Amino acid sequence: MNSEAALQRSVSRLGDRVIGVVEGFGEFTLLAVRTVRASTRPRFPWRTTFQQFEVIAVRSTPIVALTALFTGMVLALQTAFALSRFGAKPYVGSIVGLAIVRELGPVLAALMVGGRVGAGIASELGSMAV
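Residues take numbers from 1 onward in each chain, read along the sequence in its written order. Two thresholds apply to this predicted model, a pLDDT of at least 70 for residue-level local features and 80 or more for giving and counting side-chain atom pairs, whereas whole-chain, interface and lining totals are computed over all residues. Computation of side-chain values covers all heavy atoms of the structure but excludes hydrogens and water.

Novice: Would you mind showing me how to read the overall build of the protein chain here?
Specialist: Runs of E in the DSSP output that reach at least two residues are strands. Runs of H or I that reach at least four are helices, and both are numbered from the N terminus. Within the protein chain, the regular secondary structure consists of four helices and zero strands. Along the protein chain, helices and strands appear, N-terminal first, in the series α-α-α-α. Throughout, the radius of gyration refers to the C-alpha atoms, and the reference size of a globule is 2.2 Å times the residue count to the power 0.38. For 130 residues, the compact-globule formula gives about 14 Å, and the C-alpha radius of gyration of the protein chain, at 26 Å, lies well above that figure. The C-alpha extent of the protein chain, read off along each of the three principal axes, is 70 × 55 × 30 Å. By the burial criterion, 8% of the 130 residues in the protein chain qualify as buried. By sequence separation, contacts in the protein chain at least 24 residues apart represent 59% of the contacts at least 6 residues apart. When charges are tallied, Lys and Arg are placed among the positive residues and Asp and Glu among the negative ones, while His and the ends of the chain are skipped. Where a charge sits is defined by one atom per residue type, namely NZ (Lys), CZ (Arg), CG (Asp) or CD (Glu). Across the protein chain, the mean location of the 13 positive side-chain charges is 10 Å away from that of the 7 negative side-chain charges. When a residue's accessible area, from a 1.4 Å probe over protein chains only, is under 20% of the maximum for its type it is buried; when over 50% it is exposed; and in between it is partly exposed. Contacts are assigned to residue pairs with any non-hydrogen atoms lying within 4.5 Å of each other.

Novice: Honestly, the side chain of Ser 60 in this entry has me stumped. Any pointers?
Specialist: With respect to the secondary-structure elements, Ser 60 resides in the loop between α2 (46-56) and α3 (61-84). When residues no more than four places from it in sequence are discounted, the contact partners of Ser 60 are Val 55, Val 113, Arg 116 and Val 117.

Novice: I would appreciate a short explanation of the side chain of Thr 67 in the present structure.
Specialist: Note that Thr 67 resides in helix α3. Take Thr 67: its relative accessible area is 18%, and that puts it in the buried class. Excluding its chain neighbours within four sequence positions, the residues that come into contact with Thr 67 are Leu 108 and Met 112.

Novice: Quick question: what am I supposed to make of the nonpolar core here?
Specialist: Nonpolar side chains in soluble globular proteins tend to end up buried together. In plain words, nonpolar cores are sets of buried Ala, Val, Leu, Ile, Met, Phe, Trp, Tyr and Cys residues tied together by side-chain atoms within 4.5 Å. Residues Leu 83, Ala 88, Val 92, Val 96 and Ile 100 constitute the largest nonpolar core, which totals five residues. Of all the elements, helix α4 (residues 92-129) adds the most residues to this core, at three residues. With residues near it in sequence (within four places) discarded, Leu 83 still touches Ala 88, Lys 89, Val 92 and Ile 95.

Novice: Explanation requested: the packing of aromatic side chains in the structure shown.
Specialist: The description of two aromatic rings rests on the distance between their centres and on the angle between their planes. Note on aromatic pairs: the rings of Phe, Tyr and Trp (six-membered ring only in Trp) are paired at centre separations within 6.5 Å, and the planes decide the class, stacked below 30 degrees, edge-to-face beyond 60, tilted for the rest. Applying the stated criterion to the full structure yields two aromatic pairs. Here Trp 46 and Phe 50 contribute two aromatic rings whose centre-to-centre distance is 6.1 Å and whose plane-to-plane angle is 25°, an arrangement assigned as stacked. On the criterion of helical spacing, the pair formed by Trp 46 and Phe 50 is a turn pair, its members being four residues apart in helix α2. Ring centres 5.8 Å apart and planes at 70° place the aromatic pair Phe 50 and Phe 53 in the edge-to-face group. Of this pair, Phe 50 and Phe 53 both sit in helix α2, three residues apart, which is roughly one turn of that helix. With a relative accessible area of 48%, Phe 50 lands in the partly exposed category. Here the aromatic cluster, defined as three or more aromatic residues joined through ring pairs, consists of Trp 46, Phe 50 and Phe 53.

Novice: I keep staring at a nonpolar patch on the surface and nothing clicks. Help me out?
Specialist: A cluster of nonpolar side chains, contributed by Ile 63, Leu 66, Leu 69, Phe 70 and Met 73, occupies part of the molecular surface with about 460 Å² of accessible area. Its location among the elements puts Leu 66 in helix α3. Residue classification places Leu 66 among the partly exposed residues on the basis of a relative accessible area of 43%. Residues form patches when they are more than 30% accessible in relative terms and have no salt bridge. Like charges link within 9 Å. Nonpolar side chains (Val, Leu, Ile, Met, Phe, Trp, Tyr) link within 5 Å. The Shrake-Rupley method, run with a 1.4 Å probe, gives the accessible areas here. Residue values count only the displayed protein chains as cover. By definition here, a salt bridge exists when the distance from a side-chain nitrogen of Lys or Arg to a carboxyl oxygen of Asp or Glu is within 4 Å.

If you want it as structure tokens, here you go:
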């Protein structure tokens, strides 16, 4: 009897997992269908959308580039200091380039764009309230 109860519990847990996966996929599918429907409506605000793309992405490029530049300089200095003890100074450029492109670049870009855009949206909402 004990083994039957354990089997029933494990089958029940498996069923719950399968139902959870199917529900998640269904919710994703509904979201995708609603998104496609909304984007294909005749009155989709393309002009406003592209203006927001410009405000968010294009105008954030200088601050992201400046942040990457100074982070790269500091990282190069610290890496060169650490690698000089082992005679591996020729590898500083490769290490810094890979670190910026793979790890630090996306994180710092997201932080800078998020901060800049968040502040812009907050000031825009503040001016609307006035």
